[in-house]
Amino acid sequence: MSAAPVIHIGGWPGSGKRTIGRALADLCGGRLLDNHIFLDAARAVFDRSTDDCARLREEVRAVVLKAASRLPSHVPVILTDALSDTEEDFALFKPTLDFARDRGAMLRAVVLEIDEAENLKRLTHPDRGAFKLTDPDVLNDLRQRLVLLEPKDAWRLDVSSLTAEAAALRIAEKFELGDG
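Everything in this summary refers to the structure shown in the same document. Keep in mind the model is a prediction, meaning the values are calculated, not measured. (Residues numbered from 1 in each chain as written. Predicted model: local features only at pLDDT ≥ 70, side-chain atom pairs only at ≥ 80, totals over all residues. Heavy atoms only, no water.)

**Details of helix α6 (residues 136–145)**
Move 1: Listing the buried residues of α6 in full gives L139, L142 and R143. Buried residues of α6, viewed axially, fall in a sector of 95°; they line one side. The outward face of α6, more than 90 degrees from its buried face, is lined by the exposed residues D137, Q144 and R145.
Move 2: Buried positions along α6 lie against α5 (116–123).
Move 3: Where α6 begins, one side-chain oxygen reaches toward the backbone nitrogen of D137, 2.8 Å away; that side chain belongs to D135. (Buried < 20%, exposed > 50% of the residue type's maximum accessible area, 1.4 Å probe, protein only. Helix = DSSP H or I, 4+ residues; strand = E, 2+ residues; numbered from the N terminus. Arc of directions from axis to C-beta. Contact = heavy atoms within 4.5 Å. Polar contact = N/O pair within 3.5 Å; in protein donor to acceptor, adjacent residues only side chain to side chain.)

Encoded structure:
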């Protein structure tokens, strides 16, 4: 029997990656490793734009993924990221590929699609976390300049009109994830 899948949820800032990931983890008995676990730890020490911050983020990611490798094989692991289709961001995605391979699990990638108006609405919502991007100009710039990373065999899910719970249910059904 192979391990439960590793689910990677990618999308623009404000698309609902963490909220959907949390709902999916609750639904299938999985563990959520949101990208802010890695990023916020590094930003607590260093300015985000520094090499030191990038190095610390990857060191934290390595430690957390090593610990997650000790989870029982039946527990799905859900990771989130806002990555673009660049060599630099693919390098940030590679530890997820390696983690799935080392766990003996299928990697199931989901790319969240969201229309710009809904994305901006969610990004600027007053309940959005303190360390999260909330500047609409930055989001607009990202969406105009970059293309989201779409891993091999990724499934695209339009979440523009879905609640987090509905999106999580669709992901669970698509990848046949039972309740934990």
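Back to the text.
**Here we look at the environment of T96**
Move 1: Mapped onto the elements, T96 comes out in helix α4 (residues 87–103).
Move 2: Here the alpha-carbon distance between T96 and I78, two residues 18 residues apart in the chain, equals 10.0 Å.
Move 3: If sequence neighbours within four positions are ignored, T96 has contacts with V6, H8, R61, L79 and L107.

**A look at the nonpolar core**
Move 1: Core analysis: the largest hydrophobic core is formed by 29 residues, its most contacted members being I7, I9, I20, L24, L157, V159 and I171.
Move 2: The set of elements that each furnish at least two residues to this core consists of β1 (6–10), α1 (17–28), β4 (107–113), α6 and α7 (164–174).
Move 3: Sequence-distant contacts of I7, defined by excluding residues within four places in its chain, comprise L24, V77, I78, L79, R108, V110, I171, F175 and L177.
Move 4: Grouped together as the second largest cluster of nonpolar side chains are 15 residues, L56, V60, L79 and A105 included. (Core = buried A, V, L, I, M, F, W, Y, C linked by side-chain atoms within 4.5 Å.)

**Some thoughts on helix α3 (residues 51–68)**
Move 1: With 18 residues, α3 extends 26 Å between its outermost C-alpha atoms, agreeing within 8% with the 26 Å of an ideal straight helix rising 1.5 Å per residue.
Move 2: Turning to α3, its buried residues number three or more, namely C53, L56, R57, V60, R61, L65 and A68. Relative to the axis of α3, the buried residues are bounded by an arc of 165° and lie together on one face. Opposite the buried face of α3, by more than 90 degrees, sit the exposed residues D51, V63 and K66.
Move 3: On its buried side, α3 packs onto β2 (31–33), α2 (35–45), β3 (77–81) and α4. (Expected span 1.5 Å × (residues − 1).)

Geometry only, nothing functional implied.
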